[in-house]
Amino acid sequence: MLRLFLEVALAPALVAASTLASRRWGSQAGGVVSALPVVIGPVLLITAQQSGAEAAKRAATATLLGLVAMGAFVAAYGRLARRAGWGASLAGGWVATLALAALAAVGRHWGLAISAAAALVSLGGALAILPSAQHRDDPAALVERRVGLAKRMVITTALVALLAIAVRALGPQIGGVLAALPVLGSVLAVFAHRGEGAKGAVCFLRGLASGMVGFIAFCATVAVLIVPAGTFVSFVAASAAAVLLQAVALRGRTPRAFGAARA
């Protein structure tokens, strides 16, 4: 019950944080914030407590491999968004996601180095494939985000609850792959697309893919340290690595905003 509560409570909180970041600094910053590992963190922590450090290591490694599917979603949705509506873009994104998730599940016994490399290549490739988009918010888009926040949180809560049940039923390795599926990313990409058009969706997806470097660092650090160093040390180190890299990624997406804040 604790695991389900954390997953269901933290996911909509992350949606809210991403939406607020989008309002303050733009869609790319919102994408970066949405990549924070606040959902996978409790999943891995409770896995370690209930099933041991080795199970948590396997789940973290499988999650990294599952990020290949995240890269597929980003690339497919971003390319389709240029010429299709949000419905077709979402459908195409999830077709690509499930195809790559199936391949990741087959290769779930691959080691940490291969899984991390596959995640980096997939997300880097997605960034290279995405069309460029310089986007500025307009008043209508800001109204859409304010009205849509509650809807985003409700939809995300329902989807994450269903995913959490599937993760627990299928074990740490396949569950780890499923935990990397772009559930939150889908919700936020659709709302960005509906409220700001294709350019807004692409900007969000660029931020999401670039922000995943912190997510990768978190899972990789847990996988490397949890067996030899224990749960506390591994999670503190992983959290520090994720926060540092997310701050760097966010800073790169919001130079003017941070400059104004310092002035």
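Residues numbered from 1 in each chain as written. Predicted model: local features only at pLDDT ≥ 70, side-chain atom pairs only at ≥ 80, totals over all residues. Heavy atoms only, no water.

1. Comments concerning the confidence of the model for the chain
- Mean pLDDT over the chain: 79, with 73% of residues reaching 70 or higher.
- Looking across the chain, the model is least confident in helix α10 (residues 255-262), with a mean pLDDT of 38, and most confident in helix α6 (residues 112-129), with 92.
- Below pLDDT 50 for its whole length, residues 255-263 participates in six contacts with residues either more than four positions away or in separate chains. (pLDDT = per-residue confidence, 0-100. Helix = DSSP H or I, 4+ residues; strand = E, 2+ residues; numbered from the N terminus. Contact = heavy atoms within 4.5 Å.)

2. Details of the packing of aromatic side chains
- Using the criterion set out here, one finds three aromatic pairs in the structure.
- Centroid distance phenylalanine 73 to tyrosine 77: 5.6 Å. Interplanar angle 45°. Geometry classified as tilted. Here tyrosine 77 and phenylalanine 73 lie together in helix α4 (residues 53-81), a separation of four residues that amounts to about one turn. Like tyrosine 77, phenylalanine 73 is buried. (Phe/Tyr/Trp six-rings, centres within 6.5 Å; stacked < 30°, edge-to-face > 60°. Buried < 20%, exposed > 50% of the residue type's maximum accessible area, 1.4 Å probe, protein only.)

3. Some points on the side chain of arginine 206
- Topologically, arginine 206 is positioned in helix α8 (residues 183-229).
- Look at arginine 206: it is buried, it has no salt bridge, and the nearest opposite charge is glutamate 196 at 13 Å.
- At 3.4 Å, the side chain of arginine 206 forms a polar contact with the backbone oxygen of proline 131.
- Once residues within four sequence positions are removed from consideration, arginine 206 is found in contact with Gln28, Leu127, Leu130, Pro131 and Ser132. (Lys, Arg positive; Asp, Glu negative; His and termini not counted. Salt bridge = Lys/Arg side-chain N within 4 Å of Asp/Glu carboxyl O. Polar contact = N/O pair within 3.5 Å; in protein donor to acceptor, adjacent residues only side chain to side chain.)

4. So, α8
- The terminal C-alpha atoms of α8 lie 31 Å apart, and with 47 residues this falls more than 12% below the ideal 69 Å at 1.5 Å per residue.
- The largest bend in α8 comes to about 145°, at glutamate 196.
- By the criterion of burial, α8 is predominantly enclosed, with 36 of the 47 residues buried.
- Looking one or two residues beyond α8, the residue adopting positive phi is glycine 230, at roughly 95°. (Expected span 1.5 Å × (residues − 1). Bend = angle between axes of the 7 residues up to and from the residue.)

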